[in-house]
Amino acid sequence: IRDWGNATSVNGKGRFFEPTLIVGCSSNMEVMREETFGPILAVQKVSSPEEAIVGMNDTNYGLTASVFTTDKGLAEKMASELEVGTVFMNRADYLDPYLPWQGRKDTGKGLSLSQFGFDAFTNLKNLHFKLKTA
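The structure presented is a predicted model; accordingly, all values stated were derived computationally and were not measured.

Quick notes on the rules
- Residues numbered from 1 in each chain as written.
- Predicted model: local features only at pLDDT ≥ 70, side-chain atom pairs only at ≥ 80, totals over all residues.
- Heavy atoms only, no water.
- Helix = DSSP H or I, 4+ residues; strand = E, 2+ residues; numbered from the N terminus.
- Buried < 20%, exposed > 50% of the residue type's maximum accessible area, 1.4 Å probe, protein only.
- Contact = heavy atoms within 4.5 Å.
- Areas by Shrake-Rupley, 256 points an atom, 1.4 Å probe, with all protein chains shown as cover.
- 1 Å grid on protein atoms, 1.4 Å probe; cavity = no way out; pocket = protein on both sides within 12 Å on 5 of 7 lines; lining within 4 Å.
- Points joined across faces, edges and corners; volume = space filled by probe spheres on them.
- Phe/Tyr/Trp six-rings, centres within 6.5 Å; stacked < 30°, edge-to-face > 60°.
- Lys NZ or Arg CZ within 6 Å of the ring centre and 35° of its normal.
- Salt bridge = Lys/Arg side-chain N within 4 Å of Asp/Glu carboxyl O.
- Patch = residues over 30% accessible without salt bridge, like charges linked within 9 Å, V, L, I, M, F, W, Y side chains within 5 Å.
- Right-handed = clockwise from strand over helix to strand, strands pointing away.
- Polar contact = N/O pair within 3.5 Å; in protein donor to acceptor, adjacent residues only side chain to side chain.

Each helix and strand counted, the chain has four helices and 10 strands in total. Taken over 134 residues, the chain has a buried fraction of 17%. Pairs at least 24 residues apart make up 24% of the contacts formed inside the chain by residues separated by at least 6 positions. Entry remark: accessible area of the chain is about 10,400 Å², with carbon and sulfur atoms responsible for 55%.

The computed volume of the largest pocket comes to approximately 1,400 Å³. Lining the largest pocket are 40 residues, with Leu41, Ala42, Thr64, Ala65 and Ser66 sitting closest to its centre. Elements that contribute at least two residues to the lining of the largest pocket include exactly helix 1 (30-33), strand 4 (40-42), helix 2 (49-57), strand 5 (61-62), strand 6 (64-67) and helix 3 (72-81).

A word on the packing of aromatic side chains. Applying the stated criterion to the full structure yields zero aromatic pairs. Between the NZ or CZ atom of Arg91 and the centre of the ring of Tyr94, over which it lies, the distance is 4.1 Å.

With that out of the way, let us pick up unusual backbone geometry. Backbone geometry at Leu113 places phi at a positive 65 degrees, although glycine is not the residue there. Mapping Leu113 onto the fold places it in the loop between strand 10 (111-112) and helix 4 (114-120).

Turning our attention to the pattern of salt bridges. Overall, the coordinates contain four salt bridges when judged by the stated rule. Put simply, Arg33 and Asp58 hold a salt bridge, and the shortest N to O gap is 3.3 Å. With Arg33 in helix 1 and Asp58 in the loop between helix 2 and strand 5, this residue pair connects regions lying 25 residues apart in the sequence. The class for Asp58 is partly exposed, based on a relative accessible area of 37%.

Now for a nonpolar patch on the surface. Together, Val23, Leu41 and Val43 make up an exposed nonpolar region whose accessible area comes to about 230 Å². Relative to the helices and strands, Leu41 is located in strand 4. On the accessibility criterion, Leu41 (52% relative accessible area) is exposed.

Right, let's talk about the pairing of strand 6 for a bit. Alternating residues of strand 6 divide into Ala65 and Val67, all buried, and Thr64 and Ser66, none buried. Assessed by its sense of winding, the connection that carries the chain from strand 6 through helix 3 to strand 7 (residues 86-89) is right-handed.

Here we come to the side chain of Thr69. With respect to the helices, strands and loops of the structure, Thr69 is situated in the loop between strand 6 and helix 3. Here Asp71 takes part through its backbone nitrogen, which lies 3.0 Å from a polar atom of the side chain of Thr69.

With that out of the way, let us pick up the side chain of Thr86. Relative to the helices and strands, Thr86 resides in strand 7. On the accessibility criterion, Thr86 (15% relative accessible area) is buried. In this structure, Thr86 is in contact with Leu63, Thr64, Ala65, Pro100, Trp101 and Gln102, ignoring residues within four places of it in sequence.

Okay, structure coming up:
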């Protein structure tokens, strides 16, 4: 662990951590396989984009993935192969209300944000009225 955030308790309502960077991770570590939902960044060194894709997809979860590169084509190729709902290039966790927010695999059910999210909470009804009869 490079910079360890201290564990804190917020009025007894769960466990929280200060920002934490964990380096030298491997794919079998729990922090690489579970959703942490915290300011925790776990880093695993890989030798190729293909190895990165395999490792990123080797989990039961798939909310987001971040690809850090100066090659937009590489980011697009990786995005097409990653089993996640959102792929970021050179950023993480930016929400755009015009884009749907959803996960894959065991991450979340349904979607939110955007017209697609609104549609998920809408039931359509067709009305066919005829005011004049022959």
